[in-house]
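Observations on the three-dimensional arrangement
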Amino acid sequence: GAGVSQTPSNKVTEKGKYVELRCDPISGHTALYWYRQSLGQGPEFLIYFQGTGAADDSGLPNDRFFAVRPEGSVSTLKIQRTERGDSAVYLCASSLDSSTDTQYFGPGTRLTVL
Amino acid sequence: KQEVTQIPAALSVPEGENLVLNCSFTDSAIYNLQWFRQDPGKGLTSLLLIQSSQREQTSGRLNASLDKSSGRSTLYIAASQPGDSATYLCAVKAGTYKYIFGTGTRLKVLA
């Protein structure tokens, strides 16, 4: 596709369950970001990948959150033992490389934890 | 710790007005500042990027300025249109990779 895609668009889960959120960046983009956006707030940085490696994971709130990008393209954000406070829109963005600042955002995954 | 604030939180103007959105940040040590637009239920679209060494950037009816020493940026929208209605977010690049976003200004342009 031409843009960043994220699946699913909506995810409803129960407290304590495990969820995976997927991001497909623009083809050829080596830099990938995950953000979390709560209602009425701006996006909050979670993690940055350059290629396959997480160059900065300082925004992950705790060890229940983990992200991978094994082949340097698709990325998966994994949340264990979900809590109601994890409910938010999770946004993914990609950019051409680490020296390019323009980010292209996906539409997000709305996660609701009941 | 870098904090980004946007004022006003919401703004409603009649079509054709020129308007200014404000963004302030607490730490002047930034790499760049970007302005984004977010439509309801959608991701963000980058509007303008100002590098730390620059003072302003322009794109069409949009003009963004940056004053690092005072920790401020403004987004000027000329001749506003109903299609400009959206939430406008500013973000500062506070580290090598990390962006800090403001809470946004919700703009409504009335026809």
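Report follows, based on the coordinates.

The rules we used
- Residues numbered from 1 in each chain as written.
- Chains lettered and ligands numbered in written order.
- Predicted model: local features only at pLDDT ≥ 70, side-chain atom pairs only at ≥ 80, totals over all residues.
- Heavy atoms only, no water.
- 1 Å grid on protein atoms, 1.4 Å probe; cavity = no way out; pocket = protein on both sides within 12 Å on 5 of 7 lines; lining within 4 Å.
- Points joined across faces, edges and corners; volume = space filled by probe spheres on them.
- Helix = DSSP H or I, 4+ residues; strand = E, 2+ residues; numbered from the N terminus.
- Pairing = 2+ DSSP bridges.
- Axes fitted to C-alpha atoms, helices over the stretch in contact; angles between N-to-C directions.
- Disulfide = S-S within 2.5 Å.
- Buried < 20%, exposed > 50% of the residue type's maximum accessible area, 1.4 Å probe, protein only.
- Contact = heavy atoms within 4.5 Å.
- Buried area = accessible area lost by both parts, 1.4 Å probe.
- Salt bridge = Lys/Arg side-chain N within 4 Å of Asp/Glu carboxyl O.
- Polar contact = N/O pair within 3.5 Å; in protein donor to acceptor, adjacent residues only side chain to side chain.

Attention now goes to the layout of surface pockets. Considering only enclosed or pocket space, the largest pocket measures out at about 600 Å³ in volume. Taken together, 30 residues form the lining of the largest pocket, with Q37 and L39 of chain A together with Q38, P40 and G41 of chain B sitting closest to its centre. At the level of secondary structure, the elements contributing two or more residues to the lining of the largest pocket comprise β9 (88-95) and β11 (109-113) of chain A together with β9 (86-93) and β11 (105-110) of chain B. Its volume calculated, the second largest pocket comes out at about 420 Å³. Along the wall of the second largest pocket there are 19 residues; nearest its centre are P43 and E44 of chain A together with K1, I100 and F101 of chain B. Counting residues per element, the ones that place at least two in the lining of the second largest pocket are β5 (44-50) of chain A together with β10 (99-101) of chain B. Top contributing element to the lining of the second largest pocket by residue count: β10 of chain B, with three residues.

With that out of the way, let us pick up the sheet that holds strand β7 (residues 62-67) of chain B. Residue and element names in this part refer to chain B. If you walk across this open sheet you meet the five strands as β1-β3-β8-β7-β6, and the pairing is antiparallel. The strands lining the two open edges of the sheet, one partner per strand, are β1 (4-7) and β6 (56-59). Looking at each pair of strands side by side, their axes are set apart by 15° on average, direction ignored. Taken together, the four bridges between β6 and β7 define a ladder with antiparallel strand orientation. Note that in β7 the partner of Q57 across the bridge is A64.

The next thing to look at is the state of the cysteines. Cysteine pairs can be covalently joined through their sulfur atoms, and such a bond is termed a disulfide. Counting across every chain of the model gives two disulfides over all chains. For C23 of chain A, the disulfide goes to C92 of chain A, at an S-S distance of 1.8 Å. Given an S-S torsion of about -65°, the disulfide between C23 of chain A and C92 of chain A has left-handed geometry. Placement of the pair is C23 of chain A in strand β3 (residues 19-24) and C92 of chain A in strand β9, with a sequence separation of 69 residues. For C23 of chain B, the disulfide goes to C90 of chain B, at an S-S distance of 2.0 Å. On the sign convention where negative is left-handed, the bridge of C23 of chain B and C90 of chain B, at about 75° about the S-S bond, is right-handed.

Now for the pairing of strand β4 (residues 32-38) of chain B. Residues and elements named next belong to chain B. Burial runs high along β4: seven of the seven residues are buried. What you see with β4 is no split at all: N32, Q34, F36 and Q38 on one side and L33, W35 and R37 on the other are buried throughout. Direction of pairing for β4 relative to strand β5 (residues 44-51): antiparallel, over a ladder of seven bridges. Bridging across to β5, Q34 finds its partner in L49. The antiparallel pairing of β4 with β5 creates a hairpin that spans five residues between the two strands, and G41 there sits at a positive phi of about 75°.

Before going further, it helps to spend a moment on the interface of chain A and chain B. Contact with chain A, which involves 20 residues of that partner, is made by 19 residues of chain B. Both faces considered, chain A and chain B share a buried interface measuring about 1500 Å² in area, 55% of it formed by carbon and sulfur atoms. Scanning the region where chain A abuts chain B turns up one salt bridge. Of the charged contacts in the structure, one is a salt bridge between K93 of chain B and D101 of chain A, with a shortest N-O distance of 2.7 Å. Remark: the boundary between chain A and chain B carries six residue pairs in polar contact (both at pLDDT 80 or more).

Attention now goes to unusual backbone geometry. Each neighbour pair has its own omega, and for T7 of chain A with P8 of chain A the value is -10°, a cis peptide bond. Structurally, the position occupied by P8 of chain A is in the loop between β1 (5-7) and β2 (10-13). For the peptide bond that leads from I7 of chain B to P8 of chain B, omega is 0°, which places it in the cis range. Mapped onto the elements, P8 of chain B comes out in the loop between β1 and β2 (10-14). Of note, the phi angle at A79 of chain B is positive, near 45°, even though the residue is not glycine. By relative accessible area, A79 of chain B is classed as partly exposed at 37%.

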